[in-house]
Amino acid sequence: MSRMSIAVLPKEESLLAKTAIVLVLAMLSQAAGDVFLSKEMKAIASSAVSPFEMALLALLSPNIWLGTALLLIFFILFAVALSWADLSFVLPASAFGYVMNVACGYYFLGETVSRTRWAGATIISIGVVLVSRSGVRTVEAPGGQDVLEVIGRP
Amino acid sequence: MITALLIAVVVIGGSAGDVLITKGMKQVGEISTRRLLHFAGLARQVLTNRDFLLGVCCMAASFFAFLAVLSRADLSFVLPATSLSFVLATIGARLFLKERISGLRWMGTLLVCVGVALVSLP
């Protein structure tokens with residue numbers, strides 16, 4: 001458990017920072033992937049006449065592939081975080097992606113956001129803050145390695 | 001009735017998938033930048049892990065049930081209902097992964113669950 005490390009931050013805080021960085025990157029790629037897929041699928045649905053043509057257009061569309069690749073990146077980063085962090089930490093923490101979606105829709109896409117959605121985003125944010133203060137992991141990681149490598153010095 | 005059944009598959013499949021993927025990734029061990037240098041070996045270790053693969057199958061089942069339920073019910077009903085998976089996955093993490101869920105974490109998780117349901121309403 002006690003390992004030598006050239007830490008600038010105490011261990012628990014550096015683990016939180018590392019987890020936060022990976023999860024924010026995950027949520028950004030998820031948000032971008034969702035935007036690509038939903039925009040492109042809507043465009044395809046309005047031009048295609050049959051489900052078969054729709055599937056074909058989707059398979060041939062670079063934007064669909066890009067959106068899918070971004071969602072794959074999201075999943076990989078999510079799994080990477082789970083290699084050291086609690087599921088009961090990662091899952092509620094990544095719900096912050098919903099807040100990012102609401103905010104992005106409002107600021108970048110000019111969507112009108114209902115009061116219910118704002119209230120939901122606020123409640124999620126409070127929940128994520130509470131979860132983030134509950135510690136990143138409560139179970140011993142079996143393959144314990146230096147947690148500082150991502151943010152620490154090489 | 002079938003709608004309720006499909007939503008159950010979405011929620012239970014998704015939560016079981018999360019728990020199994022976590023179990024698999026914990027067996028693989030903490031992924032560090034040093035291990036990323038041996039990417040091929042690491043990828044093989046993950047992709048041959050039984051729990052990880054089972055988890056991916058559960059998630060796929062959950063996803064297809066989600067698509068199926070969308071053809072029968074509105075998104076504004078389906079999405080709030082699936083926010084229950086935050087609570088179910090947390091219970092699964094406690095039972096099967098032995099994670100300790102403090103009062104603070106439970107409170108945060110419940111708020112997230114309620115918030116996600118609200119955000120998904122029209």
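Note that the coordinates shown come from a computational prediction; the quantities given were computed from them, not determined experimentally.

## A closer look at the confidence of the model for chain A
Residue and element names in this part refer to chain A.
- Here chain A averages 83 in pLDDT, while 84% of its residues score no lower than 70.
- Across chain A, element-level confidence peaks in helix H4 (residues 87-93) with a mean pLDDT of 96 and bottoms out in helix H2 (residues 51-60) with 86.
- Predicted confidence is poor over residues 1-7, with pLDDT under 50, and the contacts of this stretch with residues over four places away or in other chains come to 10 contacts.
- Ignoring residues within four places in sequence, the model shows residues 143-154, a span with pLDDT below 50, making 33 contacts including any to other chains.

## A few points about the environment of Phe36 of chain A
All names here are of chain A.
- Relative to the helices and strands, Phe36 is located in helix H1 (residues 11-47).
- By relative accessible area, which is 31% here, Phe36 ends up partly exposed.
- Taking the C-alpha atoms as reference points, Phe36 and Gly110, separated by 74 residues in sequence, lie 17 Å from one another.
- Excluding residues within four positions of it along the chain, Phe36 makes contact with Asn63, Leu66, Gly67 and Leu70.

## Quick word on the interface of chain B and chain A
- Contacts between chain B and chain A engage 40 residues on the former and 44 residues on the latter.
- Together chain B and chain A conceal approximately 3,600 Å² of surface at their shared face, both sides included; 67% is due to carbon and sulfur atoms.
- Three residues stand out in chain B for area buried against chain A, namely Lys26, Glu30 and Arg105 of chain B, and they jointly supply 23% of the buried area on that side.
- Here chain B is connected to chain A by three salt bridges.
- In this structure, Glu30 of chain B and Lys18 of chain A form a salt bridge, with 2.8 Å as the shortest nitrogen-oxygen distance.
- Where chain B meets chain A, there are 13 residue pairs in polar contact (both at pLDDT 80 or more).
- Sorting the residues of the side of chain B that touches chain A by element identifies helix H1 (2-28), helix H2 (33-36), helix H4 (50-70), helix H6 (85-96) and helix H7 (103-120) of chain B as the ones contributing at least two each.
- For the side of chain B that touches chain A, the element with the highest residue contribution is H7 of chain B, accounting for 11 residues.
- Taken together, the residues of the side of chain B that touches chain A break down into 21 nonpolar, 10 polar and nine charged.

## A few points about the side chain of Ser134 of chain A
- Take Ser134 of chain A: it is sitting in the segment after helix H6 (115-132).
- When its relative accessible area of 16% is taken as the criterion, Ser134 of chain A is described as buried.
- A distance of 2.9 Å separates a polar atom in the side chain of Ser134 of chain A from a polar atom in the side chain of Arg105 of chain B.

The rules behind the values
- Residues numbered from 1 in each chain as written.
- Chains lettered and ligands numbered in written order.
- Predicted model: local features only at pLDDT ≥ 70, side-chain atom pairs only at ≥ 80, totals over all residues.
- Heavy atoms only, no water.
- pLDDT = per-residue confidence, 0-100.
- Helix = DSSP H or I, 4+ residues; strand = E, 2+ residues; numbered from the N terminus.
- Contact = heavy atoms within 4.5 Å.
- Buried < 20%, exposed > 50% of the residue type's maximum accessible area, 1.4 Å probe, protein only.
- Buried area = accessible area lost by both parts, 1.4 Å probe.
- Salt bridge = Lys/Arg side-chain N within 4 Å of Asp/Glu carboxyl O.
- Polar contact = N/O pair within 3.5 Å; in protein donor to acceptor, adjacent residues only side chain to side chain.
- Nonpolar A, V, L, I, M, F, W, Y, C, P; charged D, E, K, R; others polar.

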